[in-house]
Amino acid sequence: MNEKYAIGIDFGSESGRAVLVSLKDGTEVADHVTPYPHGVITEHLPSGVELGMEWALQHPDDYIEVLRKSIPAILKTSQVNPIDIIGLGIDFTACTMLPIDKEGNPLCSDSQLADNPHSWVKLWKHHAAQEEATQLNEIAEQRGERFLPRYGGKISSEWMIAKIWQILKEAPDIYEKADQFVEATDWVVSKLTNNLKRNSCTAGYKAIWHKQDGYPSEAFFEALDPRLKDVVKTKLRGDVVPLGTAAGGLAPDIARITGLTPGIAVAVGNVDAHAAVPAMGVVSPGKMVMAMGTSICHMLLGMEERDVEGMCGVVEDGIIPGFYGYEAGQSAVGDIFAWFVDKAVPGYVYEDAKKANMGVHQWLEKQAANYKPGETGIIALDWWNGNRSVLVDTELSGLLIGATLQTKPEEIYRALLEATAFGTRKIVDAFHYNGVPVEELYACGGLPQKNRLLMQIYADVTNRTIKVADSKQTPALGAAMFGAVAAGGDNGGFDSIVTAADRMGRVKEEFIEPIPDNVQMYEKLYQEYSRLHEHFGRGENNVMKRLKTIKAHAKSRVTMKTN
Ligand SMILES: Nc1ncnc2c1ncn2[C@@H]1O[C@H](COP(=O)(O)OP(=O)(O)O)[C@@H](O)[C@H]1O
Ligand SMILES: O=C(CO)[C@H](O)[C@H](O)COP(=O)(O)O
């Protein structure tokens, strides 16, 4: 039999990346990135319609553009015969969701509805449904809903039900017109196969679905809003199927635009961070996988269902069959560094970086590496995009403390790197001291490849060894592995994701080890971080929320004046 291959496509926040991998050993034969033409839509729709605060949308055509561009590109570079490509899998940011009509078309592609922002794809980091999430949590708590502890005590505004409820409240006509609400990962798979299948991973982590209990009861939805009573039977209808299941064969029209063979197995959708776990060879407890990019998702396997404060969720078989999959996360990490570089760095840094033939991030990293832990005298809270774990509050915001007239940009940059590491330490501790041990860390995503100082700080702050992915596109590799599982062992693929991980998953040989002196100093700084975390994060001082309210009032007064 010829060597067999699979394709994985990782749909990120800014771009989609496809890889073609050999099923012999997971070698990435070719990869290609397609930036989304419309990027993340935060201020106004392409037609000019203005968006509110905390909105983040995407254009669904951009996902199809990734298929159209990246698949032919990897076929061309690799020169692999399409006959030997037996499976395809995708992973996506989540909860990234959209309303579709009866034919499966996004409502925003209807010109009558396109000017309504609620007809568009809501990206995971759309945070404008916080009011709904807060109310949902209050009602769930009053009713003693069993699902709440499985989500660390709080359902996030990033997730499906809060987003659907926001649509219902603010655009009841869009809610009415939506035949279904779907995760973007399931929608793209439906375009690939002409078959809409809901995957158990996004349903479990993002839509409060449980393997034994199903979705929350009608009575719960009715308590939220009587109009939501039958939302599960109507707009969330359809079977929920396990990861690695084949959604169907590749549709002929997609085969035509991509150059792939019609009918090859396409796996049901998956989530980016979750797909990365088997791609690093992680199929057992004790190993926390961090998908480190614009944000961080922390993934961990456990043998039993435990309550952990502020985790995003625990889902049986949610990552690897046979285990409880735990997820937590930080809603901004690389994005915080990007904010600093784009919006707050003085011009001379750009000039010096240019003279040194370096990027601004690299230049700042090099300067920041000259400081010892504690030497900057500053500390930050990493809440530039709210807090996902353990506080689960998107209304929180950033804080920098200790700056003086002598503070340099590289010191602030270092403090921001450290703040994100402290945020991860909170998450590690929350699991480790609540019966889900974390012995070592595994890192993938863009950041471990880009910033060595950041990775050393993470090892020092958490006092744990970090193993780094040996793949350029780890989630896409994982997605390809699920594609090969969907194809099945008899067709040259695999019978289980564990076998696929054994053969194809990998990490680099060199590990990042904590440095004992740094560990000691960071322990002190972490205590300071924890004090600030409790003070500003648990209601002792709600200044961040008050500032947001003042801002909203001030903004509405400006709008009134200009109208
Ligand atoms: N040298 C660097 N050090 C730290 N962060 C960086 C560096 N270069 C880019 N970044 C940040 O990395 C993030 C992109 O990460 P990446 O994993 O490539 O993307 P994504 O999260 O969309 O998958 C951006 O937020 C960017 O600001
Ligand atoms: O919540 C998620 C997964 O559960 C998002 O997909 C994730 O945070 C976005 O990832 P990235 O920053 O790597 O694009």
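Residues numbered from 1 in each chain as written. Chains lettered and ligands numbered in written order. Predicted model: local features only at pLDDT ≥ 70, side-chain atom pairs only at ≥ 80, totals over all residues. Heavy atoms only, no water.

As named in an unreviewed UniProt entry, the protein is Ribulokinase, taken from Sediminibacillus albus. Regarding the protein, the relevant UniProt record gives this comment under Sequence similarities (unreviewed entry): "Belongs to the ribulokinase family." One UniProt comment on the protein, placed under Pathway (unreviewed entry), says "Carbohydrate degradation; L-arabinose degradation via L-ribulose; D-xylulose 5-phosphate from L-arabinose (bacterial route): step 2/3." (UniProt positions renumbered as here; feature names shortened; annotations may be inferred.)

Caption draft 1: Up close: the site of ligand 1. Lining the immediate environment of ligand 1, one finds 16 residues, of which Thr294, Gly334, Gly446, Lys450 and Asn451 sit closest. Residue Tyr413 places a side-chain N or O atom 3.3 Å away from a nitrogen atom belonging to ligand 1. Contacts to ligand 1 include Lys450, whose side-chain N or O atom sits 2.8 Å from an oxygen atom. Coverage of ligand 1 by the protein chains reaches 81% of its 590 Å² of free accessible surface. Under a 2 Å grid-point criterion requiring more than half of the atoms, the pocket assigned to ligand 1 is the second largest pocket. Going through the elements one at a time, α10 (334–343), α12 (360–368) and α14 (446–450) are the ones with two or more residues in the shell around ligand 1. (Near = heavy atom within 4 Å. Polar contact = N/O pair within 3.5 Å; in protein donor to acceptor, adjacent residues only side chain to side chain. Areas by Shrake-Rupley, 256 points an atom, 1.4 Å probe, with all protein chains shown as cover. 1 Å grid on protein atoms, 1.4 Å probe; cavity = no way out; pocket = protein on both sides within 12 Å on 5 of 7 lines; lining within 4 Å. Sits in = over half its atoms within 2 Å of the grid points. Helix = DSSP H or I, 4+ residues; strand = E, 2+ residues; numbered from the N terminus.)

Caption draft 2: Representation of the sheet that holds strand β20 (residues 438–444) within the structure. Spatially, β16-β17-β15-β14-β20-β21 is the arrangement adopted by the 6 strands of the open sheet, whose pairing is mixed. Of all strands in the sheet, those with a lone pairing partner are β16 (313–316) and β21 (466–468), marking the two edges. With direction set aside, neighbouring strand axes in the sheet form an average angle of 25°. Two elements, strand β14 (residues 286–292) and strand β15 (residues 296–302), share 4 bridges in a ladder whose sense is antiparallel. Bridge pairing links Met290 to His298 in β15. Each of β14, β15, β17 (324–330) and β20 is contacted by helix α13 (residues 409–432), which is oriented at about 155° to β17, the strand it contacts most. (Pairing = 2+ DSSP bridges. Axes fitted to C-alpha atoms, helices over the stretch in contact; angles between N-to-C directions. Contact = heavy atoms within 4.5 Å.)

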